[in-house]
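Coordinate analysis (summary)
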Amino acid sequence: MFKVLTFNNISARGLDRLPRERFEVSSEIQQPDAVLLRSAKLHDWAVPETLKAVGRAGAGVNNIPVEAMSERGIPVFNAPGANANAVKELVLAAMFLAARNICPAWAFAQTLEGDDAAMNKQAEAEKKRFTGFELPGRTLGVVGLGAIGVNVANAAKALGMNVIGYDPQITVRSAWNLEAGVRRAHSVDEVMAAADVVTLHVPETDDTRGMINGSRLAAAREGLVLLNFARAGIVDDNAVVAALDAGRMRSYVCDFPSAALKGHDAVVALPHIGASTNEAQENCAIMAADEVRDFLETGNIMNSVNFPELVLPRNGSGDRLTVANANVPNMLGQISSAVAEAGLNIADMYNKSRGDLAYSVVDIDGKLPGDVVERLRQTEGVLAVRVIE
Ligand SMILES: NC(=O)c1ccc[n+]([C@@H]2O[C@H](COP(=O)([O-])OP(=O)(O)OC[C@H]3O[C@@H](n4cnc5c(N)ncnc54)[C@H](O)[C@@H]3O)[C@@H](O)[C@H]2O)c1
Ligand SMILES: O=C(O)CC[C@@H](O)C(=O)O
């Protein structure tokens, strides 16, 4: 029986992928084999010795100590693209909100008083304050052309916008999915200088934290609309408020409320609802649950952010051994020697590395003795060993 600890509200459609005769699933479990979570922060969580996998029912993994998990040989899975449409739709809504001053106009309309005629008279007198702009011919700058950025870029093209995008590590898949005519920028600064509306779709990392700061905003076009549905830490809120107050920026629409932004007329800060649709929550939960289940049951790895992708159909007549280790010479030799010294035959094996980590799946004709497994566990460089019967 595998034990899966849940943090946050994980869609039941996802949890249903874990058959209860083989998986105990609860938010109360003490010694979990795996956790499933959304935005809960794991940085201060005391990682139990039993933990074998982390499944993030979402895209961003900045709430998870990925490096510390790697050091323990624990793969972290996420749900790439599973909420991209939900975020894209909210980003488009944000762009329309900003272009047409919908929030301040609505707030003004709430203040109208008197009978219908009086309200109409005030509305007609004041509506010029809310004159907006149209999107065709305007330039959208997209920073980060992954699952969400590509969707947003393509939708903006369909709305008649010019689109300029920056992503130094764009994948072949994203490049294929991008509409023709999206101009390639070579830096964030180039995007800032060219765009009327800038939207951010990068993960929060040491490289992207504080990416949009005072000097980048100073170099932006006059009247910039900035959209941030990525992460709070990517934008310096105080710099945004300063640029808005100085009249250099038109508005900031984001998914991350903060004390600095609260109450500002030109800011709309939503409560992190980018992925809050039933569809996205189901897609993410299903994907993360399937990945965690597959790993626990077979050792196969799909959509991990720290481990190589490795899928080996089951072969042989005995145990499956999986080993996560430091990516240094002679680890594979030591693994196969340990199996050979136990007098067992390897039916099939697959080894892949990613950065400092390597992962092997070894199908064996027979049952691995406990002392062999223990010796492998103690081998220098070995991070995690599992035997799947
Ligand atoms: N508001 C929400 O609820 C919500 C929902 C989903 C995702 N997100 C956030 O959005 C981020 C992006 O999501 P995604 O699904 O598109 O992820 P993704 O991994 O598909 O795309 C991220 C892209 O950013 C690029 N990138 C990384 N560093 C960059 C840099 N310095 N400059 C330019 N590009 C860079 C990567 O190459 C990649 O193509 C997530 O990491 C998450 O933090 C927020
Ligand atoms: O689970 C959520 O609601 C937010 C998820 C989102 O921030 C993500 O990175 O996918």
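The shown structure was predicted, so the numbers you read here are calculated from the model rather than taken from an experiment.

The positions that UniProt labels "domain: ACT" (unreviewed entry) are, in the present scheme, residues 320–389. Secondary structure across residues 320–389 divides into 29% helix and 47% strand, with the first and last C-alpha atoms of the span separated by 6 Å.

Next up on the list: the site of ligand 2. Every residue close to ligand 2 is listed here: Arg38, Ser39, Arg56, Gly58, Ala59, Gly60, Asn83, Arg231 and His272. In this structure, Arg231 approaches ligand 2 through a side-chain N or O atom, which is 2.8 Å from an oxygen atom. Relative to its unbound accessible surface of 300 Å², ligand 2 loses 90% to contact with the protein. A breakdown of the residues in the shell around ligand 2 according to their chemical character gives one nonpolar, five polar and three charged.

Glancing now at the site of ligand 1. Around ligand 1, the structure places 25 residues, and the nearest of them are Ala147, Ile148, Asp167, Phe229 and Asp255. Residue His272 places a side-chain N or O atom 3.3 Å away from an oxygen atom belonging to ligand 1. Its free accessible area being 860 Å², ligand 1 has 85% of it covered by the protein chains. Split into classes, the residues belonging to the shell around ligand 1 amount to 13 nonpolar, nine polar and three charged.

Before going further, it helps to spend a moment on the sheet that holds strand β13 (residues 320–326). For sheets, the rule is that strands pair by backbone hydrogen bonds, running either parallel or antiparallel. One open sheet accounts for four strands, arranged β14-β15-β13-β16; its pairing is antiparallel. On the outer flanks of this sheet lie β14 (345–354) and β16 (382–388), each paired with one strand and no other. The sheet shows a mean angle of 15° between the axes of neighbouring strands, taken without regard to direction. Inspection of the sheet shows β13 paired to β16 by six bridges, in the antiparallel sense. Following the sheet pairing, Asn325 is matched in β16 by Val382. Packed on one face of the sheet, helix α11 (residues 278–298) meets β13, β15 (357–365) and β16 and runs near 80° to β16.

As a further point, take the packing of helix α12 (residues 331–341) against helix α13 (residues 370–378). Two numbers describe how α12 lies on α13: the axes approach to 10 Å, and their chain directions differ by 160°. The orientation of α12 with respect to α13, classified from their angle, is roughly antiparallel. Two packed elements cross with a definite hand, and for α12 against α13 that hand is right-handed. Each of Gln334, Ile335, Ala338 and Glu341 in α12 lies in contact with α13, whose residues at this interface are Val372, Arg375 and Leu376. Per-class residue counts for the contact of α12 with α13 are four nonpolar, one polar and two charged.

Definitions and limits used
- Residues numbered from 1 in each chain as written.
- Chains lettered and ligands numbered in written order.
- Predicted model: local features only at pLDDT ≥ 70, side-chain atom pairs only at ≥ 80, totals over all residues.
- Heavy atoms only, no water.
- UniProt positions renumbered as here; feature names shortened; annotations may be inferred.
- Helix = DSSP H or I, 4+ residues; strand = E, 2+ residues; numbered from the N terminus.
- Near = heavy atom within 4 Å.
- Polar contact = N/O pair within 3.5 Å; in protein donor to acceptor, adjacent residues only side chain to side chain.
- Areas by Shrake-Rupley, 256 points an atom, 1.4 Å probe, with all protein chains shown as cover.
- Nonpolar A, V, L, I, M, F, W, Y, C, P; charged D, E, K, R; others polar.
- Pairing = 2+ DSSP bridges.
- Axes fitted to C-alpha atoms, helices over the stretch in contact; angles between N-to-C directions.
- Contact = heavy atoms within 4.5 Å.
- Parallel < 35°, antiparallel > 145°, perpendicular 65-115°, else oblique.
- Left-handed = near helix turned anticlockwise from the far one by under 90°.

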